[in-house]
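Geometric and topological summary
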Amino acid sequence: MLTQEEILATLDESGEYEALQFMPEMLQYCGQRLRVYKSAHKTCDTLTRTGIRKMDNAVHLEGVRCDGGGHGGCQAACMIYWKTAWLRKVADGEPTAAAPAVAAPSAAAPDDARLLPLITLNARGERFEDGAERYRCQATELLRSAPEVLPLKQFGQFVTDVRTGNFGAAWAARAIGVGFYNRFQGVSTKVLPKWARHRGGRHWGFLKGRAVGKTPDIRKGLQVGDLVRVLSRKEIEPTLDANLLNRGMGFDSEMARHCGRTARIARRVEHIVDENTGRMIHMKSPCLVLEGVICEGALNALCPRAITPYWREAWLEKIEEGGSGADQSTIPAQRAAE
């Protein structure tokens, strides 16, 4: 990782490089030595749902997620995008230099004192009419840093996935097949009568919300550190409406891949920045994040973004320590052997 001074030299007056923000949460890593987790040559669009978008010259670093410190304590814990211009490859055997401490602006060197105020200012937009903060981050500004939609038929993206080591060839082949199948299903819902649609025109995974009326609000008193099992699809579908939502929170086929698995509850999520508006959302019903459970992109064109899914208590059951399933508590971040 470059130093603060070196990174400052790459940024424009908005604290960005190639329209990608350098955020306050990233400052603590300046000068540190970290491993590349995956190439971030593409990313999923969670703003306008256009699919996969192309991003140039970026990577994700191993274990580095946004801690929300510069954005009102947002608990989304997104993987951070790092431009390769902010990184330097370390040669084998190169001695490790001591990482410089992040100093307060008043105590920092001149260049460092300019960097923190610049990126802090860029983390805020014009306040809402009610006076609430409007936050700006890599997630809210994703369409600017990744402006080009990457069609499924551009197979070079999957070659890049394999070449960079993001995913294996088998994963790439599956993603292509699932992608074309989902597009066929989408067309079928527009041109075919209901009786002629395969599995009702549903996308791969074939989830179906079965809730009648308002979706249930089920509380089980689950706590951070509890060992839980993800319920089966048969048990989860009655909690979902026709749009696969439970009180506004979605359950998708990527999450369904974890059904039957066990993990510990890592944390509760009570407030996150709304990516579409930049407003801090305070959840009426806090959701849960499970240790080691991420969206692997297996059914979503191999997106490497590794978003942590949010779980309703209704979708989980507590397992007593030493009970059935306790030996499966660790879920790998990437099941590469599949």
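Coordinates for the structure precede this section.
Throughout what follows, the structure given in this document is the object of discussion. (Residues numbered from 1 in each chain as written. Predicted model: local features only at pLDDT ≥ 70, side-chain atom pairs only at ≥ 80, totals over all residues. Heavy atoms only, no water.)

Concerning the sheet that holds strand S7 (residues 82–83)
Rule in force here: When DSSP finds two or more bridges between a pair of strands, those strands are recorded as paired. Counting from the N terminus, the helices are DSSP H or I runs at least four residues long and the strands are E runs at least two residues long.
Strand order in the open sheet formed by three strands is S3-S6-S7, and the pairing between neighbours is antiparallel. Across the chains shown, the open sheet's two edge strands, defined by having one partner strand only, are strand S3 (36–39) and S7. Relative to strand S6 (residues 58–61), S3 runs antiparallel, the two being bridged by three bridges. Paired with Val 36 across the two strands is Leu 61, which belongs to S6.

Some thoughts on the environment of Gly 69
Of note, Gly 69 is situated in the loop between S6 and S7. In this structure the C-alpha to C-alpha distance between Gly 69 and Met 26, which are 43 residues apart in sequence, comes to 9.9 Å.

Structural notes on the sheet that holds strand S9 (residues 227–230)
Note the cut-off: Axis definition: a line fitted to C-alpha atoms, over the contacting stretch in the case of helices. Angles run 0 to 180 degrees between N-to-C directions.
Taken together, four strands build an open sheet; the order of strands is S13-S12-S9-S14 and the sheet is antiparallel. A strand with exactly one partner marks an edge of an open sheet, and here the two such strands are strand S13 (280–290) and strand S14 (316–318). In this sheet, neighbouring strand axes are inclined to one another by 45° on average, regardless of whether the strands run parallel or antiparallel. Two strands pair when backbone bridges link them, and S9 and S14 are joined in this way by three bridges, in the antiparallel orientation. Its bridge partner being in S14, Val 230 is matched across the sheet by Leu 316.

Looking at helix H5 (residues 169–191)
For clarity, the cut-off: In this analysis, the expected span of each helix is defined as 1.5 Å times one less than the number of residues it contains. Relative accessibility decides the category of a residue: with a 1.4 Å probe and only protein chains considered, values under 20% of the type maximum give buried, values over 50% give exposed, and everything between is partly exposed. In this description, contact between two residues means that some pair of their heavy atoms is separated by no more than 4.5 Å.
With 23 residues, H5 should cover 33 Å at 1.5 Å per step; its first-to-last C-alpha distance of 33 Å lies within 8% of that length. When we look at burial in H5, the residues that qualify are Trp 171, Ala 172, Ala 175, Val 178, Gly 179, Tyr 181, Asn 182, Gln 185 and Ser 188. Those residues of H5 that are buried are in contact with helix H4 (156–163).

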